[in-house]
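One letter stands for each residue in the lines below.
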Amino acid sequence: MRGRALHIRRATLALLWAAAVPAAAAAQPAHQPVAVEFVEVRQQPLVLDLRLVGTIAASDSIDLSFPAGGRITEITVRAGDRVQAGDPLARTDGVQQQQALNQALAAVAAAEATLQQAEQAAIRAAEMLRRGVGTRAESDMANQALSAAQGQLAAARTGADQAQRAVEDTVIHAPQAAVVTARMAEPGQVVGAAQPILTLAALTGFEAVFNVPDSPHLDQAHGALVSLVPLDRPETRLSATVTEIAPLVDPATAAVTVRAEINPRLINSVLEAGLLGAAVEGVVHLKAGTGIEIPWTALTATGDGPAVWRIEEGVVAITPVEIERFANGRVVLRSGVAPGDTVVGEGSQLMFPGRQVRPGKGR
């Protein structure tokens, strides 16, 4: 039993010795400078990126309606259809308008016949007066009848033009190339004058519309660049410029509407009408003045808060800092370091006060 206990004690000592040797070997290089990333602190322009989700819409929207009420007999398009300028889109029952046009044309024909008779009568009266067999009164009466006939013909032609426009108004035509975005009526429905029937999105321009939470930085967003990526087409890259920021918060959404005009050069090459209404992710790049940015790998912490390892003559020292905000892969500092200082980037997790360092790989 004693021999076995002695054997166990020797094995235990051997294991302790084997564990102590690597620890001693690892602690010994701590006195040698460690290669880390040296980051020079600089004052530089800052950009604040706001990531938003919105929709693509047409810059110009057109509501179409009939100038006069009536019963709809036909609607030839549905939402999503693409139309060209002059295409007939909808029509109402134009029987009454056509009858009024026929009556107006008949009135024009009668007025023309009356004018022809008045012209002949005026010519005869003038010739008789010249020969001395007619009177001045007869000639004047013939001229008055001629003037009245001319006025009747002008009035009849005006009425015919109005009747013709009334017939034309029974058909809605596309004013320009566009995409139908809404259809608010159906055949057989009786509609009133100026009641919206169709809504078109003109293909003259596109914009991205975002509902953004109110933020102090929104005032700086006017004219800012926006990078856009349609969610269902991640391979498509678009760019836009903020053109409008709503002055008030929408009470329904508790957000501010921001509109960004998409680069028109991309309309024919990349952007298609099928993208209207598509969800899009946008990143607004806002200028946020100047400040100090450091990589997130340089940030560490103490019991009192965030800090960095500042390098002075090849030796590191812990330095508390105050953070302004976090960016993508970067940290914006409000105070703690100054331009011209050098801090540890990658490798900060290996530091302790007084450790010697040397420049390693750069960023």
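The rules behind each value
- Per chain, the residues get numbers from 1 upward, laid out in the order the sequence is written.
- Local features in this predicted model are restricted to residues of pLDDT 70 or higher, and side-chain atom pairs are both shown and tallied only at a pLDDT of 80 or more, whereas totals for entire chains, interfaces and linings draw on every residue.
- Only heavy atoms go into the side-chain values, all of them from the structure, while hydrogens and water stay out.
- Strands here mean DSSP runs of E at least two residues long; helices mean DSSP runs of H or I at least four residues long; both are numbered from the N terminus.
- Only protein chains enter the area calculation, which uses a 1.4 Å probe; residues under 20% of their type maximum are buried, those over 50% are exposed, and those in between are partly exposed.
- Here, residues are in contact when the closest pair of their heavy atoms is within 4.5 Å.
- The criterion for strand pairing is that DSSP finds at least two bridges linking the strands in question.
- The span expected for a helix works out to 1.5 Å for each residue beyond the first.
- To get an axis, fit a line to the C-alpha atoms, keeping to the stretch in contact for a helix; angles then go from 0 to 180 degrees between the N-to-C directions.
- For classification purposes, an angle smaller than 35 degrees is called roughly parallel, one larger than 145 roughly antiparallel, one from 65 to 115 roughly perpendicular, and anything else oblique.
- Put simply, a crossing is left-handed when the front helix is turned counterclockwise from the back one by less than a right angle, and right-handed when it is turned clockwise.
- Residues are grouped as follows: nonpolar covers Ala, Val, Leu, Ile, Met, Phe, Trp, Tyr, Cys and Pro; charged covers Asp, Glu, Lys and Arg; every other residue, Gly included, is treated as polar.
- pLDDT: the predictor's confidence for each residue, scored from 0 to 100.
- For this document, the term salt bridge refers to a Lys or Arg side-chain nitrogen within 4 Å of an Asp or Glu carboxyl oxygen.

(A) Fine view of the environment of Val 108. Tracing the sequence through the fold places Val 108 in helix H2 (residues 95-131). On the basis of relative accessibility, which here comes to 11%, the residue Val 108 falls in the buried class. Each C-alpha atom of the pair Val 108 and Thr 158 lies 9.1 Å from the other, and the pair is 50 residues apart in sequence. Residues in contact with Val 108, not counting those within four places in the same chain, are Leu 153, Ala 156, Arg 157 and Ala 160.

(B) Highlighting the sheet that holds strand E5 (residues 70-75). Spatially, the four strands line up as an open sheet ordered E8-E7-E5-E10, and their pairing is antiparallel. A strand with exactly one partner marks an edge of an open sheet, and here the two such strands are strand E8 (171-173) and strand E10 (190-191).

(C) How the structure looks around H2. Spanning 37 residues, H2 covers 55 Å between terminal C-alpha atoms, matching the ideal 54 Å at 1.5 Å per step. The complete set of buried residues in H2 reads Gln 97, Leu 101, Ala 104, Val 108, Ala 111, Leu 115, Ala 118, Ala 122 and Ala 125. Buried-residue contacts for H2 involve helix H3 (136-168). At the exit of H2 stands Gly 132, carrying a positive phi of roughly 90 degrees.

(D) Seen up close, H3. With 33 residues, H3 should reach 48 Å at 1.5 Å per residue; the first-to-last C-alpha distance of 48 Å fits that figure. Looking at H3, one finds that the buried residues are Ser 139, Ala 142, Leu 146, Ala 149, Leu 153, Ala 156, Ala 160, Ala 163 and Val 167. Residues of H3 that are buried sit in contact with H2 and E8.

(E) Local environment of the packing of H2 against H3. Contact geometry of H2 with H3 gives a least axis separation of 7 Å together with a crossing angle of 160 degrees. Classified by the interaxial angle, the pair formed by H2 and H3 is roughly antiparallel. Like other packed secondary-structure pairs, H2 and H3 cross with a definite hand, here left-handed. Here the contact of H2 with H3 is composed, by residue class, of 24 nonpolar, nine polar and five charged.

(F) Region of interest: the sheet that holds strand E11 (residues 196-202). Strand order in the open sheet made by the four strands is E4-E11-E9-E6, with antiparallel pairing throughout. Because the sheet does not close on itself, it has two edges, and the strands there are strand E4 (61-65) and strand E6 (82-83). Here strand E9 (residues 178-183) pairs with E11 via five bridges, running antiparallel. Residue Val 179 lies in a different strand from E11, and its bridge partner there is Ala 201.

(G) Focus on the confidence of the model for the chain. Summing up the model confidence of the chain, the mean pLDDT is 84 and the portion of residues at 70 or higher is 88%. At the level of individual helices and strands, the chain shows its lowest average pLDDT in helix H1 (residues 2-27), which scores 38, and its highest in strand E7 (residues 88-92), which scores 95. Contacts for the low-pLDDT stretch residues 1-30, under 50 throughout, to residues beyond four places or in other chains number two contacts.

(H) Looking closely at the pattern of salt bridges. Counted by the stated rule, this structure contains 15 salt bridges. Across the salt bridge formed by Glu 207 and Arg 259, the nearest N and O atoms sit 2.8 Å from each other. One end of the pair, Glu 207, is in strand E12 (residues 206-212); the other, Arg 259, is in strand E15 (residues 256-262), with 52 residues separating them in the sequence. With its nearest N and O atoms 3.9 Å apart, the salt bridge here joins Glu 244 to Arg 259. Of this pair, Glu 244 sits in strand E14 (residues 238-245) while Arg 259 sits in strand E15, placing them 15 residues apart in sequence. Residue classification places Arg 259 among the partly exposed positions, given a relative accessible area of 26%. If you follow the salt bridges from partner to partner, you end up with Glu 127, Arg 130 and Arg 131 in one network.

(I) Looking closely at unusual backbone geometry. In the Ramachandran plot, Ala 194 falls in the positive-phi region, its phi being about 70 degrees despite a non-glycine side chain. Unlike most non-glycine residues, Ala 254 shows phi in positive territory, near 55 degrees. Structurally, Ala 254 can be placed in the loop between E14 and E15. With a relative accessible area of 57%, Ala 254 lands in the exposed category.

(J) Expanded view of the pairing of strand E18 (residues 305-312). Bridge analysis of strand E17 (residues 300-302) against E18 gives three bridges, and the strand direction is antiparallel. If you follow Ala 301 over to E18, its bridge partner there is Pro 306. Where E17 folds back onto E18 in an antiparallel hairpin, the turn is made up of two residues. Direction of pairing for E18 relative to strand E19 (residues 315-320): antiparallel, over a ladder of six bridges. By the bridge assignment for E19, Glu 312 is matched with Val 315. Adjacent in sequence and paired antiparallel, E18 and E19 are bridged by two residues, among which Glu 313 carries a positive phi angle near 55 degrees.

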